[in-house]
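# Survey of secondary and tertiary structure
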Amino acid sequence: MFRHVLVPIDGSDLSKAAVKHAVCFAKDVKGRVTFLYVMKDYHVSALHSEQDEENIDPIAPNDFTDAMRTHADRILQSARAEAEADGVQVNSIAVTHDEPHKAIIEVALKRNADVIFMASHSRRGLANLLLGSVTQKVLSNSKIPVLVYR
């Protein structure tokens, strides 16, 4: 059954609502949750050239990484506090990856999650086709069951 619930979060209002429902779900099944935040990787501007020093990215790699870590820690701590307040066993992890759906599946497998519980913005049609959907990509590629909160 579903005893270990992986919950990818991003700090959005929809993600916060998913946290509440995932915690209730985990409590109902007497399970535990692991919250996951996928941090963006640092990329130097592709427009930079040696002749044009003004196009250098104003954020140093270490500053970017520190800012991402601080942001991730804040979001994860908020989710952890909610689970702890409901008496649900909780872990959290932040990883850096350029493709969030792959990071979610990799962490779910490494952490032996029984189910991935994630939010979806419910984009349809052309918006989904053009923008892609992390949730859709997880659904399409995961061998682990996925529960989608809308």
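Here we summarise the structure given alongside this text. Computed from a predicted model, the values in this text were never measured in an experiment.

### Section: the sheet that holds strand β3 (residues 89-96)
Backbone hydrogen bonds hold the strands of a sheet together, and the pairing may be parallel or antiparallel. Within the open sheet, the five strands sit side by side as β3-β2-β1-β4-β5. Their pairing is parallel. Both edges of this open sheet fall to β3 and β5 (146-149), since each of them pairs with a single strand only. Sheet twist, expressed as the average angle between the axes of neighbouring strands with direction ignored, equals 25°. Sitting on the sheet, helix α1 (residues 13-28) is in contact with β1 (4-8), β2 (32-39), β4 (115-119) and β5, with an inclination near 145° to β4. Packed onto the sheet, helix α3 (residues 100-110) meets β1, β2, β3 and β4 and runs at close to 150° relative to β2.

### Regarding the nonpolar core
Counting 28 residues, the largest nonpolar core has V5, V7, I9, V33, F35 and F117 as its most contacted members. Taken together, the elements giving at least two residues each to this core come down to β1, α1, β2, α2 (61-85), β3 and β4. Ranked by residues supplied to this core, first place goes to α1 with seven residues. Discounting residues that sit within four places of it in the chain, V7 has contacts with A22, V33, T34, F35, L36 and F117. Core analysis: the second largest hydrophobic core is formed by 16 residues, L6, I104, A108 and V138 among them.

### Comments concerning the packing of aromatic side chains
The geometry of an aromatic ring pair is captured by the separation of the ring centres together with the interplanar angle, meaning the angle of the planes. Scanning the entire structure with this criterion turns up three aromatic pairs. Relative to F25, the ring of F2 has its centre 6.2 Å away and its plane inclined at 45°; by these criteria the two rings are tilted. Here F25 lies in helix α1 and F2 lies in the segment before β1, a separation of 23 residues in the sequence.

### A few points about α3
For α3, the complete set of buried residues consists of H101, A103, I104, I105, V107 and A108. Taken together, the buried residues of α3 touch β1, β2, β3, β4 and α5 (134-141). Note on α3: the residue one or two positions beyond its end, N112, has a positive phi of about 55°.

### Overview of the side chain of S15
Relative to the helices and strands, S15 is located in helix α1. Setting aside residues up to four positions removed in sequence, S15 forms contacts with P8, I9 and D10.

### As for the packing of α3 against α5
The description of two helices packed together rests on the angle between their axes and the distance between the axes. It is the contact of α3 with α5, at a shortest axis distance of 8 Å, that shows an interaxial angle of 45°. Judged by the inter-axis angle, α3 sits oblique to α5. For the pair α3 and α5, the sense of crossing is right-handed. In contact with P100, H101, I104 and I105 of α3, α5 contributes V134, K137, V138 and N141.

Conventions and cut-offs
Residues numbered from 1 in each chain as written. Predicted model: local features only at pLDDT ≥ 70, side-chain atom pairs only at ≥ 80, totals over all residues. Heavy atoms only, no water. Pairing = 2+ DSSP bridges. Helix = DSSP H or I, 4+ residues; strand = E, 2+ residues; numbered from the N terminus. Axes fitted to C-alpha atoms, helices over the stretch in contact; angles between N-to-C directions. Contact = heavy atoms within 4.5 Å. Core = buried A, V, L, I, M, F, W, Y, C linked by side-chain atoms within 4.5 Å. Buried < 20%, exposed > 50% of the residue type's maximum accessible area, 1.4 Å probe, protein only. Phe/Tyr/Trp six-rings, centres within 6.5 Å; stacked < 30°, edge-to-face > 60°. Parallel < 35°, antiparallel > 145°, perpendicular 65-115°, else oblique. Left-handed = near helix turned anticlockwise from the far one by under 90°.

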